[in-house]
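# Summary of the model geometry
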Amino acid sequence: MRAPLSAMSSTIPQTNLYLVGFMGTGKTTIGRAIAYRLKHQLLDSDHEIEQIEDRTVSDIFAKEGEPYFRELERKFVETGHPNYKCVVACGGGLVVQPGMLAKLQKKGVVVCLHASLETILERTSVNRNRPLLHVDDPMERLQELYAEREPIYRRAGAVILTDHRPTSDIISHVMRVYRREAAEFTHV
């Protein structure tokens, strides 16, 4: 039986929230605001991996390759964070790996943030820590990556558009989805 709406709005869910989506869609920025409101811990999967490895994602890609980095992401999801009271900003390719989306969906609520490729290019062009975009034509690379990843992102859960919207609107939308889905979530 579901709790009345008034009871749901007054309690803070303990279920983890996983923000997924393409690079530059605002997962860390929105995650930080959501974590603050929920009084949850914010974890950025890329940052956590950098801390464990004591080097940057770019360095890991350059020296060990993408498959090694993807294995680090898998370990992070499986054992590298608490099972409750976390908002996790997932790296853009994390859910693309076979079985990873299902793992996240068993651990908590998954919300996909989305933006246009033009917005993504604008947001990511100032950050040199994007190893997948260290190419001659970043827009072409974005288009290729997005074509590969979009079907998985669309299956991830609620998809929330982040470009051309005030941050406060995005946060409110994510909070509504999270509260609704967390109220129905059962840990396996």
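Residues numbered from 1 in each chain as written. Predicted model: local features only at pLDDT ≥ 70, side-chain atom pairs only at ≥ 80, totals over all residues. Heavy atoms only, no water.

Here we come to helix H8 (residues 138–155). In a regular helix each residue adds 1.5 Å, so 18 residues correspond to 26 Å; H8 covers 26 Å between its end C-alpha atoms and thus fits that length. Helix geometry: H8 is bent most strongly at Arg149, by close to 45 degrees, with proline Pro151 lying one to four residues after it. Inspection of H8 places Met139, Leu142, Leu145, Tyr146, Arg149, Ile152 and Tyr153 among the buried residues, and these make up the whole buried set. For H8, the elements touching its buried residues are strand S1 (16–21), helix H5 (66–79), helix H6 (100–107), strand S4 (108–114), helix H7 (117–124) and strand S5 (158–161). In the stretch just after H8, Gly157 is the one whose phi turns positive, near 150 degrees. (Helix = DSSP H or I, 4+ residues; strand = E, 2+ residues; numbered from the N terminus. Expected span 1.5 Å × (residues − 1). Bend = angle between axes of the 7 residues up to and from the residue. Buried < 20%, exposed > 50% of the residue type's maximum accessible area, 1.4 Å probe, protein only. Contact = heavy atoms within 4.5 Å.)

Moving on, we come to helix H3 (residues 45–53). Along H3, the positions that sit buried rather than exposed are Ser45, Ile49, Glu50 and Glu53. In a view along the axis of H3, the buried residues occupy a sector of 140 degrees, so they form one face of it. Buried residues in H3 make contact with strand S2 (41–44), helix H4 (57–64), H5 and strand S3 (86–89). Near the N-terminus of H3, the side chain that reaches the backbone nitrogen of Asp46, with its oxygen 3.0 Å away, is that of Asp44. Downstream of H3 by one or two residues, Asp54 has phi in the positive range, about 60 degrees. (Arc of directions from axis to C-beta. Polar contact = N/O pair within 3.5 Å; in protein donor to acceptor, adjacent residues only side chain to side chain.)

The five strands lie next to each other as S2-S3-S1-S4-S5, forming an open sheet whose pairing is parallel. Of all strands in the sheet, those bounded by a partner on one side alone are S2 and S5. Direction aside, neighbouring strands of the sheet carry axes that sit 25 degrees apart on average. Direction of pairing for S1 relative to S4: parallel, over a ladder of six bridges. Opposite Gly21, over in S4, you have Leu113 as the bridge partner. (Pairing = 2+ DSSP bridges. Axes fitted to C-alpha atoms, helices over the stretch in contact; angles between N-to-C directions.)

Enumeration over the complete set of coordinates arrives at ten salt bridges. The salt bridge involving Glu144 is made with Arg141; its shortest N-O contact spans 3.5 Å. Highlighted residues: Glu144 and Arg141, both in helix H8, separated by three residues, approximately one helical turn. Residues joined by salt bridges that share partners form a network here, namely Glu53, Arg55 and Glu64. (Salt bridge = Lys/Arg side-chain N within 4 Å of Asp/Glu carboxyl O.)

This paragraph deals with the nonpolar core. Counting residues in each nonpolar core, the largest one holds 27 residues, and the members touching the most others are Val20, Phe22, Val95 and Leu104. Elements represented by at least two residues in this core include exactly S1, H5, S3, H6, S4, H7 and H8. Top contributing element to this core by residue count: H8, with six residues. Discounting chain neighbours no more than four positions away, the residues touching Val20 are Lys27, Cys90, Val95, Leu104, Val110, Val111, Cys112, Leu113 and Ala156. Counting residues in hydrophobic clusters, the runner-up holds 19 residues, among them Ile30, Val111, Ile170 and Val174. (Core = buried A, V, L, I, M, F, W, Y, C linked by side-chain atoms within 4.5 Å.)

On S3, burial covers both faces: Cys86 and Val88 on one face and Val87 and Ala89 on the other are all buried. Where S1 lies against S3, three bridges are found, and the strand directions are parallel. For Leu17, the partnering residue across the bridge sits in S3 and is Val87. Relative to S3, S2 runs parallel, the two sharing four bridges. Within S3, the position partnered with Leu43 by the bridge is Val88.

The next point concerns the environment of Thr11. Turning to its location among the elements, Thr11 is positioned in the loop between helix H1 (5–10) and S1. Judged by relative accessible area, which is 45%, Thr11 ranks as partly exposed.

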